[in-house]
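Residue-level listing of the chains:
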Amino acid sequence: MSSPFILLNYKTYLQGTGQGAVEIAKACKEVSEESGIEIAVAPQLPDIYRVASEVEIPVFSQHLDGIGAGSFTGHVFGKAIKEAGAVGTLINHSERRLTLAEIEASLKSAKEFGLRTVICTNNVPTTAAAAALGPDYVAIEPPELIGSGIPVSKADPEVVSGSVKAVAKIDPAVKVLCGAGISKGEDLRAALDLGSQGVLLASGIVKAADPKAALEELISLV
Ligand SMILES: O=C(CO)COP(=O)(O)O
């Protein structure tokens, strides 16, 4: 099996804001180098440039709007994200839901600017629909488990294995991540055993007293 992909979403957690965003990214980079596992970070939009400038690590945006250059006040433009140093973006996170048409437009914009794409979903049917759009990854995250500390890979293994199966049927090139409540080595191990190719996670690392130690524990059973 190939090495997993770990994507750390900072959300708007205080610990991952401003300089904290840089410090957590440095911890991720160290653990990534020590282990050979790809770890990417998704800081808040205003922190993308600072993290990408100060730490050599893949940086993702937490959101992207499917708009072009022009009259779009307050929107997130793919070219700006790319030039800030991002290499990818989340699309349709549970805390930043989009309509189907908006997801498609966001994906198109991300692809236009060469960004890696992760469409977040909440169940097997939406995962199947997202896979049909052809992103690099879909990330299945049942909303009720997000931030709960209860790992999706243990509490709802069927939604992970069901998503893996559905995506394989629709487009085997699309990779599957899972997330919600993932924080321990055994949670990541269970996620990989269910066929996912990595995890999207947040609070277990960002809010940890020692994010580097938490990351080392997370990957201990890979
Ligand atoms: O929403 C998530 C990642 O995008 C999951 O959050 P938690 O890891 O805090 O459950």
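Residue numbers here run from 1 along each chain, matching the order of that chain's written sequence. Local features are withheld for residues below a pLDDT of 70 in this predicted model, meaning they are given only at 70 or higher, and side-chain atom pairs are given and counted only at 80 or more; totals for whole chains, interfaces and linings count all residues. Excluded from the side-chain calculation are hydrogens and water; included are all heavy atoms of the structure.

A few points about the pairing of strand S2 (residues 38–42)
Two faces make up the sheet, and in a regular strand the side chains alternate between them. Using a 1.4 Å probe on the protein chains alone, a residue whose accessible area is under 20% of its type maximum counts as buried, one over 50% counts as exposed, and one in between counts as partly exposed. Secondary structure elements are defined from DSSP: runs of H or I of at least 4 residues count as helices, runs of E of at least 2 residues count as strands, and each element is numbered from the N terminus. The buried fraction of S2 is high, at four of five residues. Two strands pair when backbone bridges link them, and strand S1 (residues 5–9) and S2 are joined in this way by five bridges, in the parallel orientation. In the sheet register, Ile6 faces S2, and the bridge partner there is Ile39. Handedness is read with the strands pointing away from the viewer; a crossover is right-handed when the path from the first strand over the helix to the second is clockwise. In the classification by handedness, the crossover that spans S1, the intervening helix H1 (residues 19–35) and the parallel S2 is right-handed. Only strands joined by at least two bridges in the DSSP assignment are considered to pair.

Here's the deal with the nonpolar core
By size, the foremost hydrophobic cluster in this structure holds 56 residues, and its most contacted members are Ile6, Leu8 and Val41. With six residues, the top contributor of residues to this core is H1. Throughout, a contact is declared for two residues whenever any of their heavy atoms are within 4.5 Å. Dropping the residues within four chain positions of it, Ile6 is found in contact with Ile37, Glu38, Ile39, Ala40, Leu188, Val199, Leu201, Leu218 and Ile219. For our purposes a nonpolar core is just a set of buried Ala, Val, Leu, Ile, Met, Phe, Trp, Tyr and Cys residues, chained together by side-chain atoms within 4.5 Å. The next biggest cluster of nonpolar side chains, apart from the first, holds twelve residues, and it includes Phe5, Ala42, Val118 and Tyr137.

A closer look at the UniProt feature "binding site: substrate" (unreviewed entry) in the chain
UniProt positions are given in the numbering used here, feature names are shortened, and annotations may be inferred rather than shown by experiment. The UniProt entry lists Asn9, Tyr10, Lys11, Ile146, Gly181, Ala202 and Ser203 under the feature "binding site: substrate" (unreviewed entry), expressed in the numbering used here. Of the residues just listed, which span 195 residues, no C-alpha pair is farther apart than 14.2 Å, and they cluster in one region. Apart from residues no more than four positions distant in its own chain, Tyr10 is found in contact with Gly16, Ala21, Ile24, Ala25, Val41, Ala42, Pro43, Gln62 and Val206. Here Ser203 is to be found in helix H9 (residues 203–206). On the basis of relative accessibility, which here comes to 24%, the residue Ser203 falls in the partly exposed class.

Quick notes on the UniProt feature "active site" (unreviewed entry) in the chain
As annotated by UniProt and renumbered to match this structure, "active site" (unreviewed entry) occupies His93 and Glu141. Taken together, the annotated residues stretch across 49 residues yet fold into one region, lying no more than 8.7 Å apart by C-alpha. Examined against the element boundaries, His93 turns out to sit in the loop between strand S4 (88–91) and helix H4 (100–112). The buried category is assigned to His93, whose relative accessible area is 4%. Each residue touching His93, except ones within four places of it in the same chain, is listed here: Asn9, Lys11, Cys120, Glu141 and Ile146. By the secondary structure assignment, Glu141 is in the loop between strand S6 (137–140) and helix H6 (152–155).

So, the sheet that holds S2
On the basis of which strands lie adjacent, the open sheet formed by eight strands has the order S2-S1-S8-S7-S6-S5-S4-S3 and parallel pairing. Either end of the sheet is taken by a strand with one partner, and the two such strands are S2 and strand S3 (60–61). Across the face of the sheet, helix H7 (residues 157–170) comes into contact with S6 and strand S7 (175–179) while running at roughly 165° to S7. Here an axis means a line fitted to C-alpha atoms, over the contact stretch when the element is a helix, while the angle between two N-to-C directions is reported on a 0 to 180 degree scale.

Observations concerning the environment of Ile219
Mapped onto the secondary structure, Ile219 falls in the segment after helix H10 (211–218). If sequence neighbours within four positions are ignored, Ile219 has contacts with Ile6, Val31, Ser35, Ile37 and Leu188.

Some remarks on the side chain of Thr117
Examined against the element boundaries, Thr117 turns out to sit in strand S5 (residues 116–121). Ignoring any residue separated from it by four or fewer positions in sequence, one finds Thr117 in contact with Thr89, Ile91, Leu107, Ala110, Pro135, Asp136 and Tyr137.

Details of the packing of aromatic side chains
Only the six-membered ring of Trp is used, alongside the rings of Phe and Tyr, when aromatic pairs are assigned; centres must lie within 6.5 Å, and planes under 30 degrees apart are stacked while those over 60 apart are edge-to-face, with the rest tilted. A complete count under the given rule lists three aromatic pairs for this structure. Ring geometry for Phe77 versus Phe113: centroids 5.6 Å apart, planes at 90°, classification edge-to-face. Within this pair, whereas Phe77 is found in the loop between S3 and helix H3 (78–84), its partner Phe113 is found in the loop between H4 and S5, the two being separated by 36 residues in sequence. A relative accessible area of 22% means that Phe77 is categorised as partly exposed.

Some thoughts on the environment of Leu8
Here Leu8 lies in strand S1. When the C-alpha positions of Leu8 and Ala25 are compared, they lie 9.2 Å apart, and in sequence the two are 17 residues distant. Other than its neighbours up to four places away in sequence, Leu8 contacts Ile24, Cys28, Ala40, Val41, Ala42, Leu201, Ala202, Ile205 and Val206.

Concerning the packing of H1 against H10
Across the interface, H1 lies against H10 with an axial gap of 9 Å and an inter-helix angle of 35°. As for the relative orientation of H1 and H10, their crossing is right-handed in sense. Together, Ile24, Ala27, Cys28, Glu30, Val31 and Glu34 of H1 and Pro211, Lys212, Leu215 and Glu216 of H10 make up the contact between the two elements. Of the residues assigned to the contact of H1 with H10, the class counts are six nonpolar, no polar and four charged. Each crossing gets its hand from how the near helix is turned against the far one by less than a right angle, where anticlockwise is left-handed and clockwise is right-handed. Three classes are used, and their members are as follows: Ala, Val, Leu, Ile, Met, Phe, Trp, Tyr, Cys and Pro are nonpolar, Asp, Glu, Lys and Arg are charged, and the others, Gly among them, are polar.

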